[in-house]
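Topology and contacts: notes
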Amino acid sequence: MIVETPDAESVTGHAADMYDNDLRGDGFVFAYTQVMAVNPDAHQAFETLVRAIVPSIGVRTYELATLGAARAIGSEHCLLAHARKSLRGSLFDEEQLARLAADPRDAALEEADVAVIEFAEKLSTDAASMDDADTQRLRDVGFSDRQIVDIALTAGARNFFSRVLLALAVPVDDVPGLTPALTAALRAQGEAARSGSRISGG
């Protein structure tokens, strides 16, 4: 990564809050935080967008759509970070997250959950081919129009964040709190997606 990022002593305002959150939580500032702190107003706008999305779909569906998009993009940054958020929120256990990384259809998820992940994956890989049938599937499993829009916004927002990190070659930090086995499974899927392949039929 060649982008120069602000050091901890120079940041103020929202950027300082970003650094402080990482330092208090993990004892270091993640590389992706440092990059986003180059334009803290953009990061704050991203957080505002997320806060506008989550109330209608809930944290669980938000994380499913996020993981689905990150899985399709091959974003190890976001797979690792949101796997940890899902674990901490008791949304999924480690085995389920590892299976979700390999193949969501083999992760003991409900039909609605798989529909969210597959919608997010298709949006992230072939949005131009999507049509009403893709949206109808979400409606058929019980999502309202507002929720459908917010699922699409979630996946779209993850594309923004994940693809920026990939485009800038931001290093992937180890994420504390994840077992080596889960970390390896998530990173394997990220590498597979970036190389244009899939593992376990995903």
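The paragraphs below set out a description of the structure included in this document. (Residues numbered from 1 in each chain as written. Predicted model: local features only at pLDDT ≥ 70, side-chain atom pairs only at ≥ 80, totals over all residues. Heavy atoms only, no water.)

With that out of the way, let us pick up the packing of helix α6 (residues 111-126) against helix α7 (residues 132-140). Packed helices, taken two at a time, are described by their axes: the angle between them and the distance between them. In the contact formed by α6 and α7, the axes pass within 9 Å of each other and the chain directions differ by 160 degrees. As summarised for this structure, α6 and α7 are arranged roughly antiparallel, according to the angle between their axes. Crossing hand, α6 versus α7: left-handed. Facing α6, whose interface residues are Val 114, Ala 115, Val 116, Glu 118, Phe 119 and Lys 122, α7 presents Asp 134, Thr 135, Arg 137 and Leu 138. Split into classes, the residues belonging to the contact of α6 with α7 amount to five nonpolar, one polar and four charged. (Axes fitted to C-alpha atoms, helices over the stretch in contact; angles between N-to-C directions. Helix = DSSP H or I, 4+ residues; strand = E, 2+ residues; numbered from the N terminus. Parallel < 35°, antiparallel > 145°, perpendicular 65-115°, else oblique. Left-handed = near helix turned anticlockwise from the far one by under 90°. Contact = heavy atoms within 4.5 Å. Nonpolar A, V, L, I, M, F, W, Y, C, P; charged D, E, K, R; others polar.)

Time to look at helix α9 (residues 180-194). If you check α9, its first and last C-alpha atoms are 21 Å apart, about what 15 residues at 1.5 Å a residue would give, namely 21 Å. Taken together, the buried positions of α9 are Leu 182, Thr 183, Leu 186, Gln 189, Gly 190, Ala 192 and Ala 193. Where α9 is buried, its residues meet α3 (40-73), α4 (76-88) and α5 (94-102). Immediately beyond the C-terminal end of α9, within one or two residues, lies Gly 196, with a positive phi of roughly 85 degrees. (Expected span 1.5 Å × (residues − 1). Buried < 20%, exposed > 50% of the residue type's maximum accessible area, 1.4 Å probe, protein only.)

Counting 54 residues, the largest nonpolar core has Leu 109, Leu 138, Ile 151 and Leu 186 as the members making the most contacts within it. Elements supplying a minimum of two residues to this core: α1 (13-26), α2 (31-36), α3, α4, α5, α6, α8 (145-167) and α9. Examining the composition of this core, we find that 11 residues originate from one element, α3, more than from any other. (Core = buried A, V, L, I, M, F, W, Y, C linked by side-chain atoms within 4.5 Å.)

The next point concerns unusual backbone geometry. The phi dihedral of Ser 90 falls on the positive side, at around 55 degrees, and the residue is not glycine. Inspection of the secondary structure puts Ser 90 in the loop between α4 and α5. Given the relative accessible area of 64%, Ser 90 is considered exposed.

The final tally for this structure, using the stated rule, is five aromatic pairs. With a centroid separation of 5.1 Å and 15 degrees between ring planes, the pair formed by Phe 30 and Tyr 32 is classed as stacked. Assigned by exposure class, Phe 30 and Tyr 32 land together as buried. Ring geometry for Phe 46 versus Phe 160: centroids 5.8 Å apart, planes at 40 degrees, classification tilted. You can see Phe 46 sitting in helix α3 and its partner Phe 160 sitting in helix α8, a full 114 residues away along the chain. Note on Phe 46: relative accessible area 10%, which makes it buried. The rings of Phe 28, Phe 30, Tyr 32, Phe 46, Phe 160 and Phe 161 are connected pair by pair, giving a single aromatic cluster. (Phe/Tyr/Trp six-rings, centres within 6.5 Å; stacked < 30°, edge-to-face > 60°.)

Bringing α3 into the picture now. The first and last C-alpha atoms of α3 sit only 24 Å apart over 34 residues, clearly below the 50 Å expected at 1.5 Å per residue. Within α3, the axis deviates most sharply at Gly 58, by approximately 110 degrees. Just downstream of α3 lies Gly 74, where phi reads positive at about 90 degrees. (Bend = angle between axes of the 7 residues up to and from the residue.)

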